[in-house]
Amino acid sequence: MKSIDVSLSRGKLWNKAQSIVFYCGVVDCCCFFVITVLLIAIPEVVWDLKLALTMGGCDIGAAALMSLFIVIKIQKEKLSKEVKSWLEDAIEITAYSQKVGENRLGFQPKATKIRVSFTMGGKHYSKDSSLTPLGGKEGYAGCFNKYADREVNIMYSPKYDEVLILKD
């Protein structure tokens, strides 16, 4: 699992940097609730309308952000289970990744669509990236940029017809 970088159908997998950002965000959200409780516990704090609205707004925002973090975590755990099932019959192969197209929408960074070609058991396979990022075109994502037009090591699952690109 730790050696996999991207999936052609699901994009970039959860990595250590994303985990750190995720947990820092969760801690930051919790801090708002702790500050509110501390302010309530301190008798010298005078709760006027401004303070009550500010703290209430911050707590509502923190709760909304925490809900978003929970949804993201559930989706990432679900993806992790899927990837583990793909790895049960996966075979490591060297393949060639070719850039099919490049796209830029407005201020978004460059997104690339790739085609991974390989031979397994005397049969030639060619698989295109099929991830559809939020607000982007099907198959085009920034996580594929560094894999365009070069040899890559992949894990291919014949049972699920999934291609996972390994980290360099």
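One can find the structure itself at the top, above this paragraph.
Let me sum up the structure you'll find in this document. Predicted, not measured: the structure shown is a model, and the values here were computed from it. (Residues numbered from 1 in each chain as written. Predicted model: local features only at pLDDT ≥ 70, side-chain atom pairs only at ≥ 80, totals over all residues. Heavy atoms only, no water.)

### Here we look at the pattern of salt bridges
Tallying each qualifying case throughout the model produces nine salt bridges. For the salt bridge of Arg150 with Asp168, the shortest nitrogen-to-oxygen distance reads 2.9 Å. Here Arg150 is found in strand E6 (residues 150-157), whereas its partner Asp168 is found in the segment after strand E7 (162-166), with 18 residues between them in sequence. Judged by its relative accessible area of 75%, Asp168 is exposed. (Salt bridge = Lys/Arg side-chain N within 4 Å of Asp/Glu carboxyl O. Helix = DSSP H or I, 4+ residues; strand = E, 2+ residues; numbered from the N terminus. Buried < 20%, exposed > 50% of the residue type's maximum accessible area, 1.4 Å probe, protein only.)

### Quick look at the pairing of strand E4 (residues 111-120)
Judged by how many residues are buried, E4 sits mostly within the fold: eight of ten residues are covered. Two strands pair when backbone bridges link them, and strand E3 (residues 91-103) and E4 are joined in this way by seven bridges, in the antiparallel orientation. Residue pairing for E4: Asn103 is matched across the bridge by Ala111. Relative to strand E5 (residues 123-128), E4 is paired through six bridges, and the arrangement is antiparallel. Following the sheet pairing, Thr119 is matched in E5 by His124. (Pairing = 2+ DSSP bridges.)

### So, the nonpolar core
By size, the foremost hydrophobic cluster in this structure holds 20 residues, and its most contacted members are Ile114, Val116, Phe118, Phe144, Ile154, Tyr156 and Ile165. Listing elements by their share of this core, those giving two or more residues are E3, E4, E6 and E7. At four residues, the largest contribution of residues to this core is made by E4. Beyond its immediate stretch of four places on either side in the chain, Phe144 contacts Val6, Ser7, Leu8, Gly11, Thr112, Ile114, Ser129, Leu131 and Gly139. In this structure, Leu13, Val83, Trp86 and Ala90 belong to the second largest nonpolar core, which totals nine residues. (Core = buried A, V, L, I, M, F, W, Y, C linked by side-chain atoms within 4.5 Å. Contact = heavy atoms within 4.5 Å.)

### Section: the packing of aromatic side chains
Counted according to the given criterion, the structure contains six aromatic pairs. When the centroid spacing of 5.6 Å and the interplanar angle of 70° are considered together, the rings of Trp14 and Phe22 count as edge-to-face. Look at Trp14 and you get partly exposed, because its relative accessible area is 27%. Residue class for Phe22 comes out buried when judged on its relative accessible area of 8%. A centroid spacing of 5.2 Å and a plane angle of 15° characterise the contact between Phe118 and Tyr125, whose relative ring orientation is stacked. Overall, the relative accessible area of 16% leaves Tyr125 in the buried class. By way of ring pairs, the aromatic residues Trp14, Phe22, Tyr23 and Phe69 are connected into one cluster. (Phe/Tyr/Trp six-rings, centres within 6.5 Å; stacked < 30°, edge-to-face > 60°.)

### Quick look at helix H1 (residues 16-41)
In this model H1 runs 37 Å from its N-terminal to its C-terminal C-alpha over 26 residues, within 8% of the 38 Å that 1.5 Å per residue would give. Within H1, burial applies to Ser19, Phe22, Gly25, Val26, Cys29 and Thr36. (Expected span 1.5 Å × (residues − 1).)

### Points about the layout of surface pockets
Of the voids in this model, the largest pocket is the one considered here, and its volume is about 430 Å³. Met1, Lys2, Leu13, Trp14 and Asn15 are, among the 17 residues lining the largest pocket, the residues nearest its centre. When contributions to the lining of the largest pocket are tallied by element, the ones reaching two or more residues are strand E1 (4-7), H1 and helix H2 (49-87). The dominant element in the lining of the largest pocket, judged by the number of residues it contributes, is H2, at six residues. Split by residue class, the lining of the largest pocket holds seven nonpolar, three polar and seven charged. In this model, the second largest pocket occupies a volume close to 180 Å³. Lining the second largest pocket are Arg10, Gly11, Lys12, Gln75, Lys76, Lys78, Leu79, Glu82 and Leu131. Tallied by class, residues from the lining of the second largest pocket come to two nonpolar, two polar and five charged. (1 Å grid on protein atoms, 1.4 Å probe; cavity = no way out; pocket = protein on both sides within 12 Å on 5 of 7 lines; lining within 4 Å. Points joined across faces, edges and corners; volume = space filled by probe spheres on them. Nonpolar A, V, L, I, M, F, W, Y, C, P; charged D, E, K, R; others polar.)

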